[in-house]
Protein chains: 2
Amino acid sequence: MNFKIRCAAKEDCKDISRMIMDLAIYEKMPDQVKISHEELERDGFCQNPFFECLVAEVPEEHKSNEGFTVIGYALYFYTYSTWKGRAVYLEDLYVMSEFRGNGIGTALLSKVAEIGKKKQCVRLQLSVLNWNTPSRDFYAAKGAQDLTVTEGWHAIRFDGQNLDNLANEAPKD
Amino acid sequence: MNFKIRCAAKEDCKDISRMIMDLAIYEKMPDQVKISHEELERDGFCQNPFFECLVAEVPEEHKSNEGFTVIGYALYFYTYSTWKGRAVYLEDLYVMSEFRGNGIGTALLSKVAEIGKKKQCVRLQLSVLNWNTPSRDFYAAKGAQDLTVTEGWHAIRFDGQNLDNLANEAPKD
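Since the structure is predicted, the reported quantities are computational estimates derived from the model, not experimental observations.

## Observations regarding the packing of aromatic side chains
And then number 1: Going through the model one piece at a time under the given rule, you end up with 16 aromatic pairs over all chains.
And then number 2: Here Phe 50 of chain A and Tyr 78 of chain B contribute two aromatic rings whose centre-to-centre distance is 6.2 Å and whose plane-to-plane angle is 80°, an arrangement assigned as edge-to-face. One end of the pair, Phe 50 of chain A, is in the loop between α2 (37–44) and β2 (52–57); the other, Tyr 78 of chain B, is in strand β3 (residues 70–81), on a second chain.
And then number 3: Under the relative-accessibility criterion, Phe 50 of chain A is labelled buried at 11%.
And then number 4: Take Tyr 78 of chain B: its relative accessible area is 14%, and that puts it in the buried class.
And then number 5: Consider the rings of Tyr 76 of chain B and Tyr 78 of chain B, whose centres lie 6.2 Å apart with planes at 90°: the pair is edge-to-face. Each member of the pair, Tyr 76 of chain B as well as Tyr 78 of chain B, carries the same accessibility label: buried.
And then number 6: Members of the aromatic cluster, connected to one another through ring pairs, are Phe 50 of chain A together with Tyr 76 and Tyr 78 of chain B.
And then number 7: The ring of Tyr 26 of chain B carries the charged tip of Arg 100 of chain B above its face, separated from the ring centre by 5.8 Å.

Shown next, in the form of structure tokens:
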């Protein structure tokens, strides 16, 4: 299939927002999505953006059943390892179901790897859900390690009232 | 104990570098550290820094057995959730063993939470090793969730040759 990978523009945020919801439905947590396309525009297209994004686009003649030409995305940002240095973190990788099996997911993933390498990143990281074996198998087949299995890393989060409580404990300057 | 939390300056990178190694020894992976203080200076104190850092400092009269006054650090950066928006990620939190039990770790952690809140972050995330029960208990006592346990998230990584291979697969522009 004919498709193009390009950097997302501000105008793509409505498409990205639609696919973020699609991905959350796939991940069985659609009620968790609180982000609007306006927030994506604000946070991704400001002076020091909080993320970067690639989109996959098909020509008009291959548009989706519902009429979309932007049919996949990879949203990522830069992190830092105090052992190894610069890293790129892939927050989301998504291709609409009717376009899967055409190498679009691999193209998005490898493009993020290429962009990371250009920025001197030595790692590409991401998270997957335990039950999501198609994705776990996909990444493993490409050579990824599962650090939770091999090294025992757990993801820890503060949010809501617990984050507020923590911030309120901060020593005054 | 009398201590101060402040933003790290470029001149603190030697101290931070020393404590990064201390933390890696504690985490039983000292051979993993490849970062020099010069790289920290380059990556943390450039136009668009890859991380920010706080240090804990004690007065000269309370210096460590080896003569150090910078005795703890918290290194963090900003990430992004496509469900919830801006987040802050705590890469390292460390206090030299002879200074533990004085609330310095909590002060560093809560200061990162406060800084995150000021940047409109709705989450503070971090990773801990499975066997590191003192740290897991510390974060849990402060109200953190363990997402690997509750939601089943695994950390996945590409590096070395696998990252190179991935980048080499990227479609040409």
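## What about the relation of the copies chain B and chain A?
And then number 1: When chain B is fitted onto chain A, the two copies agree to an RMSD of 0.0 Å after a turn of 180° and an axial shift of 0.0 Å. Read as a symmetry element, the transformation amounts to a two-fold axis.
And then number 2: Interface overlap between copies is the fraction of interface residues in one copy that are interface residues in the other; for chain B against chain A it reaches 100%, indicating a shared surface.

## Comments concerning the interface of chain B and chain A
And then number 1: Facing the 79 residues of chain B at the interface are 79 residues of chain A.
And then number 2: Carbon and sulfur atoms supply 57% of the area that chain B and chain A bury against each other, a total of about 7800 Å² over both sides.
And then number 3: Of all residues in chain B, Tyr 80, Trp 83 and Arg 157 of chain B give up the largest surface area on contact with chain A, accounting jointly for 13% of the area buried on that side.
And then number 4: The closest approach of N and O atoms between Asp 164 of chain B and Lys 117 of chain A, which form a salt bridge, is 2.3 Å.

## Quick notes on the pairing of strand β3 (residues 70–81) of chain A
Residues and elements named next belong to chain A.
And then number 1: Taken across its 12 residues, β3 has 12 buried, putting it largely inside the fold.
And then number 2: In this structure, β3 lies alongside strand β4 (residues 85–95), joined through 10 bridges in antiparallel fashion. Pairing of Tyr 73 across the sheet is with Tyr 94, part of β4.

## What about the pattern of salt bridges?
Side chains bearing opposite charge may pair, as long as their charged atoms lie close to each other.
And then number 1: In the structure shown here, the tally under the stated rule is 22 salt bridges over all chains.
And then number 2: Among the salt bridges present, the one from Asp 12 of chain B reaches Arg 6 of chain B, with a minimum N-O distance of 2.8 Å.
And then number 3: Overall, the relative accessible area of 22% leaves Arg 6 of chain B in the partly exposed class.
And then number 4: Among the charged side chains, a network of salt bridges with common partners joins Lys 111, Glu 114 and Lys 118 of chain A together with Lys 172 of chain B.

## Concerning the UniProt feature "domain: N-acetyltransferase" (unreviewed entry) in chain A
And then number 1: Those residues carrying the UniProt feature "domain: N-acetyltransferase" (unreviewed entry) are residues 14–164 of chain A in this numbering.
And then number 2: Helix makes up 36% of residues 14–164 of chain A and strand makes up 30%, while its end C-alpha atoms are separated by 31 Å.

## Points about the packing of helix α1 (residues 13–26) of chain A against α2 of chain A
Residue and element names in this part refer to chain A.
And then number 1: Running from N to C, α1 and α2 cross one another at 115°; their axes reach a closest spacing of 8 Å. The hand of the α1/α2 crossing is right-handed. Touching Cys 13, Lys 14, Ile 16, Ser 17 and Ile 20 of α1 are His 37, Leu 40 and Glu 41, all from α2.
And then number 2: Of the residues assigned to the contact of α1 with α2, the class counts are 4 nonpolar, 2 polar and 2 charged.

Conventions we followed
- Residues numbered from 1 in each chain as written.
- Chains lettered and ligands numbered in written order.
- Predicted model: local features only at pLDDT ≥ 70, side-chain atom pairs only at ≥ 80, totals over all residues.
- Heavy atoms only, no water.
- Phe/Tyr/Trp six-rings, centres within 6.5 Å; stacked < 30°, edge-to-face > 60°.
- Helix = DSSP H or I, 4+ residues; strand = E, 2+ residues; numbered from the N terminus.
- Buried < 20%, exposed > 50% of the residue type's maximum accessible area, 1.4 Å probe, protein only.
- Lys NZ or Arg CZ within 6 Å of the ring centre and 35° of its normal.
- Least-squares fit on C-alpha atoms with pLDDT ≥ 70 in both.
- Contact = heavy atoms within 4.5 Å.
- Buried area = accessible area lost by both parts, 1.4 Å probe.
- Salt bridge = Lys/Arg side-chain N within 4 Å of Asp/Glu carboxyl O.
- Pairing = 2+ DSSP bridges.
- UniProt positions renumbered as here; feature names shortened; annotations may be inferred.
- Axes fitted to C-alpha atoms, helices over the stretch in contact; angles between N-to-C directions.
- Left-handed = near helix turned anticlockwise from the far one by under 90°.
- Nonpolar A, V, L, I, M, F, W, Y, C, P; charged D, E, K, R; others polar.

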